[in-house]
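# Structural characterization, general
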Amino acid sequence: MSAQPDVESSSASDAHEGGFRPTFDVSTERGGPNYGKFVGQVREFMDRVRAALPSAELTDELLADLKSMNAKLVDFETDEWTSPSGTRIDLPARGNITLPPYDIVDAGPDGVDATITFTRFNLGGNGAAHGGFVALLFDDLGGMAAALNIEGICRTAYLKIDYRSLTPLNSELAVRCWVDRVEGRKVYVRGTLHEGDRLCAEMDALFIKLKPGQP
Ligand SMILES: CCCCCCCCCCCC(=O)SCCNC(=O)CCNC(=O)[C@H](O)C(C)(C)COP(=O)(O)OP(=O)(O)OC[C@H]1O[C@@H](n2cnc3c(N)ncnc32)[C@H](O)[C@@H]1OP(=O)(O)O
């Protein structure tokens, strides 16, 4: 299991509180004991689709399979606060299939350390990761670093990425985000992404602490 930040339980009466919640119902059981394997298969499928040149027959076969699978999920839609894809804190990236599947190594007021391995789904071009996925990784982990530092919830005001060298696929990378300084509601966050000693990218971001009820 990944090390994960502490989050407290909140009640359903908080349903319309603003922004990203500092607290949400924690459950490592939603979706069942195999939900993590399910997400893993979804991610593998996205990798394989990105890499595949299927025959026309296989495309038709997979299309039928996917229609069948989508139909099975129609009646199980839930809100963002109770979907396991985003709230399963025991899984990489909280089980959120939108995010690159980072693993938290350590997280607290001093910053967030994580590892990430980008794969074929994250391909930008010529073997390197897409810069948008690097920014997405930094936005989420930077937001987490800000939230843990100020014990409040923030939204990104700006997110600047310097791409210092190519970010590879299929290689474990180290990412770190930390709060540089806090000025009132403004939380300035820095970040780095390394392959070994090589710096791939740096982040300079501003997160704004949300006022109570602010969306
Ligand atoms: C454990 C948890 C796990 C969970 C961890 C989950 C982490 C998820 C992280 C994902 C975060 C996102 O992607 S959030 C989604 C992307 N972001 C958004 O959609 C935000 C859209 N923008 C907004 O909603 C708004 O503009 C805000 C909230 C950013 C700011 O509006 P506001 O609250 O009215 O504040 P405002 O008065 O305008 O600004 C406050 C101060 O910041 C300054 N300021 C505002 N924007 C900027 C800017 N771009 N560049 C420079 N400075 C700025 C202002 O000059 C002012 O300075 P001064 O006069 O005080 O000096």
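In this text, all values refer to a predicted model and were calculated from it rather than measured experimentally.

## Let's talk about the layout of surface pockets
Here the second largest pocket defines a volume of roughly 370 Å³. Forming the boundary of the second largest pocket are 13 residues, of which Phe 38, Val 42, Met 69, Asn 70 and Leu 73 lie nearest the centre. When residues of the lining of the second largest pocket are traced back to their parent elements, those giving at least two are α1 (35-51) and α2 (56-73). Tallying contributions element by element places α1 first for the lining of the second largest pocket, with 6 residues. Here the lining of the second largest pocket is composed, by residue class, of 9 nonpolar, 3 polar and 1 charged.

## As for α1
With 17 residues, α1 should reach 24 Å at 1.5 Å per residue; the first-to-last C-alpha distance of 24 Å fits that figure. Where α1 is concerned, the buried positions are Tyr 35, Val 39, Arg 43 and Asp 47. The buried residues of α1 occupy an angular sector of 125 degrees when the element is viewed end-on, so they sit on one face. Opposite its buried face, α1 presents the exposed residues Lys 37, Gln 41 and Arg 48, each directed more than 90 degrees away. Where α1 is buried, its residues touch α3 (84-87).

## A look at helix α4 (residues 131-150)
For α4, built from 20 residues, the straight-helix expectation of 28 Å at 1.5 Å per residue is met to within 8% by its first-to-last C-alpha distance of 28 Å. Within α4, 14 of the 20 residues are buried, leaving the element largely enclosed by the surrounding structure.

## Regarding the domain arrangement of the protein chain
Here the protein chain is partitioned into domain 1 (16-97) and domain 2 (99-214). If you average the C-alpha positions of domain 1 and of domain 2, the two centres end up 22 Å apart. On the side of domain 2, 17 residues touch domain 1, which itself brings 15 residues to the contact. Of the roughly 1,400 Å² buried where domain 1 meets domain 2, counting both sides, 55% is carbon and sulfur surface. Where domain 1 touches domain 2, the interface holds 1 salt bridge. One salt bridge connects Arg 94 with Asp 140, and the closest N-O pair in it is separated by 3.1 Å. For the interface between domain 1 and domain 2, the tally reads 10 residue pairs in polar contact (both at pLDDT 80 or more).

## Things to note about the sheet that holds strand β8 (residues 198-209)
Reading across the sheet, the 6 strands line up as β1-β2-β6-β7-β8-β5 and stay open at both edges, with antiparallel pairing between neighbours. The sheet terminates laterally at β1 (103-108) and β5 (154-163), the two strands that pair on one side only. Here the average twist between neighbouring strands, direction ignored, is 15 degrees. When strand β7 (residues 186-195) meets β8, the two strands line up antiparallel, connected through 10 bridges. By the bridge assignment, Val 189 is partnered in β8 with Ala 205.

## Focus: the pairing of β8
In the sheet, β5 pairs with β8 via 9 bridges, with the strands oriented antiparallel. Each residue of the ladder has a partner; that of Asp 162, found in β8, is Glu 202. Count of turn residues in the β7/β8 antiparallel hairpin: 2 residues, of which Gly 196 carries a positive phi of about 60 degrees.

## Digging into the pattern of salt bridges
Applying the stated criterion across every chain, the model contains 10 salt bridges. Salt-bridge contacts for Arg 181 lead to Glu 183; the nearest nitrogen and oxygen are separated by 3.0 Å. Residue Glu 183 is classed as partly exposed on the basis of its relative accessible area, which comes to 38%. Connected via shared salt-bridge partners are Lys 160, Asp 162, Arg 164 and Glu 202.

## Notes on the UniProt feature "domain: Thioesterase" (unreviewed entry) in the protein chain
The residues that UniProt annotates with the feature "domain: Thioesterase" (unreviewed entry) are residues 126-198. The distance separating the terminal C-alpha atoms of residues 126-198 is 19 Å; by composition the span is 27% helix and 47% strand.

Cut-offs and rules
Along each chain, numbering runs from 1 in the same order as the chain's sequence is written. Note on the predicted model: pLDDT of at least 70 is required for a residue's local features to be given, and 80 or more for side-chain atom pairs to be given and counted; whole-chain, interface and lining totals, by contrast, use all residues. With hydrogens and water excluded, all non-hydrogen atoms of the structure serve as input to the side-chain values. Every definition here rests on a 1 Å grid over the protein atoms only: cavities are sets of points where a 1.4 Å probe fits but cannot get out, pockets are open sets enclosed by protein on both sides within 12 Å along at least five of seven lines, and lining residues have some atom within 4 Å of a point. Grid points are joined across faces, edges and corners, and a volume is the space filled by probe spheres set on the points. Secondary structure elements are taken from DSSP: a helix is a run of H or I of four residues or more, a strand is a run of E of two residues or more, and numbering for both begins at the N terminus. Note on residue classes: Ala, Val, Leu, Ile, Met, Phe, Trp, Tyr, Cys and Pro are nonpolar, Asp, Glu, Lys and Arg are charged, and everything else, Gly too, is polar. By this rule the span expected of a helix is its residue count minus one, scaled by 1.5 Å. Throughout, exposure labels follow a simple rule: accessible area from a 1.4 Å probe, protein chains only, divided by the maximum for the residue type, with under 20% read as buried, over 50% as exposed, and the rest as partly exposed. This arc is taken over the directions from the axis of the helix to the C-beta atoms. Residues count as neighbours in contact if any of their non-hydrogen atoms are within 4.5 Å of one another. As annotated, the domain borders come from an automatic or database domain assignment. The term buried area refers to how much accessible surface (probe radius 1.4 Å) is lost by two components on association, counted for both of them together. For this analysis, a salt bridge means a side-chain nitrogen from Lys or Arg found within 4 Å of a carboxyl oxygen belonging to Asp or Glu. Polar contact criterion, stated in full: a pair of N or O atoms within 3.5 Å, where within protein one must be able to donate a hydrogen and the other to accept it, and residues adjacent in sequence count only if both atoms are side-chain atoms. Pairs of strands are assigned from DSSP output, requiring at least two bridges between the strands. Every axis in this analysis is a line fitted to C-alpha atoms, fitted for helices over the stretch in contact. Angles between the N-to-C directions lie between 0 and 180 degrees. UniProt positions are given in the numbering used here, feature names are shortened, and annotations may be inferred rather than shown by experiment.

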